[in-house]
Amino acid sequence: MIEPSIEDVMNRSERDIVIPAEMVATVNENNNLQHVFLVLSKIKYSKIPVLDNDNHFKGLISLAMITDQMLTNEGIDGHRLENLLVKDVMQTDVHAIYERENLEVILRYLVDENFLPYIDEDDVFKGIITRREILKEINFLTHNYDKYYHAESNHVVI
C-alpha cells in the first residue's frame, strides 16, 4: 500500500498521467505486418497498441515481433509480412489499467513496461500511461511534498 500522504500529493498535480488515445499511434488488428513495420519505423517507437474496428484494445505489437517473422533459415524475407496480420503475432497477455487512480498497480506494472494501455470497462482504448509521465509525477511529489506535509526525521540505529 502506498503511503496516503504520498498519494495525496501526487493527486494534487494538475497534470494528467494519461496520454489520450487520439495522441497515441495505434494499428488495427487486421493490418498486415508490412504496414505495421512501416508505421513503427516511421514513428520510431518499438511497440504500439493494437485495436479492433471499434477501438477495443486487443494487444501490443512490437518491431521485434515483426522482425522475428521476417527471419528464415535462408536469411531475411520481408515479403512474408504481406501475408501475416497483426492479430496473428501480437502480444495479448498485456497488463492494462482500468482505474487510473490505482497508483500502486500502475507503479508495479511500469517497472517492467515503458507504458500501460488505459482502457474503460468495455475495453475501449482511452490512451496510455507512460513511465515518463509517472516519473514527472514523482518529480512533482519530491518538490512539493513539504508544501502539504511535514516529515519528521527519524534516525534508525541498528
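Keep in mind that what you see is a predicted model, and the values were worked out from it rather than measured. (Residues numbered from 1 in each chain as written. Predicted model: local features only at pLDDT ≥ 70, side-chain atom pairs only at ≥ 80, totals over all residues. Heavy atoms only, no water.)

J.: Requested: an account of the sheet that holds strand 3 (residues 47-51), with residues and values cited.
T.: Strand pairing in a sheet relies on backbone hydrogen bonds, with the paired strands running either antiparallel or parallel. Strand order in the open sheet made by the 3 strands is 2-3-4, with mixed pairing throughout. Edge positions in the sheet fall to strand 2 (27-28) and strand 4 (57-62), since each of these pairs with one other strand and no more. (Pairing = 2+ DSSP bridges. Helix = DSSP H or I, 4+ residues; strand = E, 2+ residues; numbered from the N terminus.)

J.: Talk me through the sheet that holds strand 7 (residues 115-119); I want residue IDs and the actual numbers.
T.: Strand order in the open sheet formed by 3 strands is 1-8-7, and the pairing between neighbours is antiparallel. The open sheet has two free edges, formed respectively by strand 1 (18-20) and strand 7, since each of these has just one partner strand. Put simply, the sheet's adjacent strands are angled 35° from each other on average, direction ignored. Where strand 7 meets strand 8 (residues 125-130), 5 bridges bridge the pair, whose relative direction is antiparallel. Within strand 8, the residue paired with isoleucine 119 across the bridge is phenylalanine 125. Relative to the sheet, helix 5 (residues 103-110) contacts strand 7 and strand 8, its axis offset from that of strand 7 by approximately 140°. Against the sheet, helix 6 (residues 131-148) makes contact with strand 1 and strand 8, and its axis sits at roughly 60° relative to strand 8, the strand it touches most. (Axes fitted to C-alpha atoms, helices over the stretch in contact; angles between N-to-C directions. Contact = heavy atoms within 4.5 Å.)

J.: Describe the environment of leucine 51, naming the residues involved and giving the relevant values.
T.: With respect to the element layout, leucine 51 can be found in strand 3. When the C-alpha atoms of leucine 51 and asparagine 30 are compared, they prove to be 9.0 Å apart, with 21 residues separating the residues in sequence. Once residues lying within four places of it in the same chain are set aside, the contact partners of leucine 51 are Thr26, Val27, Asn28, Glu29, His56, Phe57, Lys58 and Phe125.

J.: Could you give an account of the packing of aromatic side chains, naming the residues involved and the relevant values?
T.: For the coordinates displayed, the defined rule picks out 2 aromatic pairs. Centre to centre, the rings of tyrosine 145 and tyrosine 149 are 5.4 Å apart; their planes meet at 25°, and the pair counts as stacked. Given a relative accessible area of 22%, tyrosine 145 falls into the partly exposed group. Its guanidinium or amino end placed over the ring of tyrosine 109, arginine 108 lies 5.9 Å from that ring's centre, counting from NZ or CZ. (Phe/Tyr/Trp six-rings, centres within 6.5 Å; stacked < 30°, edge-to-face > 60°. Buried < 20%, exposed > 50% of the residue type's maximum accessible area, 1.4 Å probe, protein only. Lys NZ or Arg CZ within 6 Å of the ring centre and 35° of its normal.)

J.: How would you summarise the pairing of strand 3 if you had to cite specific residues and measurements?
T.: In terms of residue burial, strand 3 counts as a mostly covered element, since 4 of its 5 residues are buried. Pairing of strand 2 with strand 3, which is carried by 2 bridges, proceeds in the parallel orientation. Note that in strand 3 the partner of valine 27 across the bridge is valine 50. With 5 bridges joining them, strand 3 and strand 4 adopt antiparallel strand pairing. Among the inter-strand pairings, isoleucine 48 is bridged to a residue of strand 4, identified as isoleucine 61. Counting the residues that bridge the hairpin from strand 3 to strand 4 gives 5 residues, and of these asparagine 55 lies at a positive phi of roughly 65°.

J.: Mind laying out the packing of helix 1 (residues 4-12) against helix 6, listing which residues take part and the relevant values?
T.: Contact geometry for helix 1 and helix 6: axes closest at 9 Å, N-to-C directions at 110°. As the angle between them shows, helix 1 and helix 6 are arranged roughly perpendicular. Only Glu137, Ile138, Phe140, Leu141, Asn144, Tyr145 and Tyr148 of helix 6 make contact with helix 1, whose side of the interface consists of Ser5, Ile6, Val9, Met10 and Arg12. Partitioning the contact of helix 1 with helix 6 into residue classes produces 8 nonpolar, 2 polar and 2 charged. (Parallel < 35°, antiparallel > 145°, perpendicular 65-115°, else oblique. Nonpolar A, V, L, I, M, F, W, Y, C, P; charged D, E, K, R; others polar.)

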